[in-house]
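These are the residues of each chain, in order.
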Amino acid sequence: SFRTIETLHNLSRSEAEIFAEIIQFTLKISGHPFIINNQELLGKYMGGVERLMLLTECGLLMTGSVLQRRTVSVNSNTLVFDNDVVYCLAKNKNNIAGELNINTIPFTQVGIDLFYLIYDDIRISFEFALEAVKAVKLENPDIIITANAYQNTENGLMLAEIQI
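A short tour of the structure in this document, coming up. (Residues numbered from 1 in each chain as written. Predicted model: local features only at pLDDT ≥ 70, side-chain atom pairs only at ≥ 80, totals over all residues. Heavy atoms only, no water.)

With respect to the environment of leucine 114
Step number 1: Mapped onto the secondary structure, leucine 114 falls in helix 5 (residues 109-118).
Step number 2: Expressed as a C-alpha distance, the spacing of leucine 114 and leucine 8, which sit 106 residues apart in the sequence, is 8.1 Å.
Step number 3: When neighbours within four sequence positions are excluded, leucine 114 is seen to be in contact with Thr4, Leu8, Leu11, Phe19 and Leu60. (Helix = DSSP H or I, 4+ residues; strand = E, 2+ residues; numbered from the N terminus. Contact = heavy atoms within 4.5 Å.)

Written out as structure tokens, the structure reads:
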């Protein structure tokens, strides 16, 4: 879109580099990228809220956070979120339908467009993905989350399956 082209034209080199770094710590629900709004993760992996505020000013991230809810059915696993190295399945502990809540910072449409322009060239952080699953679990104690994570190593593909 013209808005995406205009935003891309107006980004400074440092803003574009910050955006590319932040994508390493991005998950997706149904193809829509988001950042988990968790202060510990934001500080540890993204250099703090200031960098996200800069991307908000650039029109790449939405202002504020959004609570995303996903229904977790009684008998089946529900794919909750993913990126190239981790996907998570959620199941309700109590055998009743429930909801999984994830507090997120979503991308604007321009941010989504730019995300998918460079996403294939970004290496997703394996360690972050597993820590993000644990952070989501802390907010959802009645949900069982199974995280299946993959990482290419010198010795081949590594698989970690964690049930939290």
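Moving on from the model shown.
Considerations on the side chain of threonine 26
Step number 1: Its place among the elements puts threonine 26 in the loop between helix 2 (13-23) and strand 1 (27-29).
Step number 2: Residue threonine 26 is classed as buried on the basis of its relative accessible area of 0%. (Buried < 20%, exposed > 50% of the residue type's maximum accessible area, 1.4 Å probe, protein only.)

Observations regarding helix 6 (residues 126-139)
Step number 1: For helix 6, with 14 residues, the first-to-last C-alpha span of 21 Å sits near the 20 Å given by 1.5 Å per residue.
Step number 2: Along helix 6, the positions that sit buried rather than exposed are Phe126, Phe128, Ala129, Leu130, Ala132, Val133, Ala135, Val136 and Lys137. (Expected span 1.5 Å × (residues − 1).)

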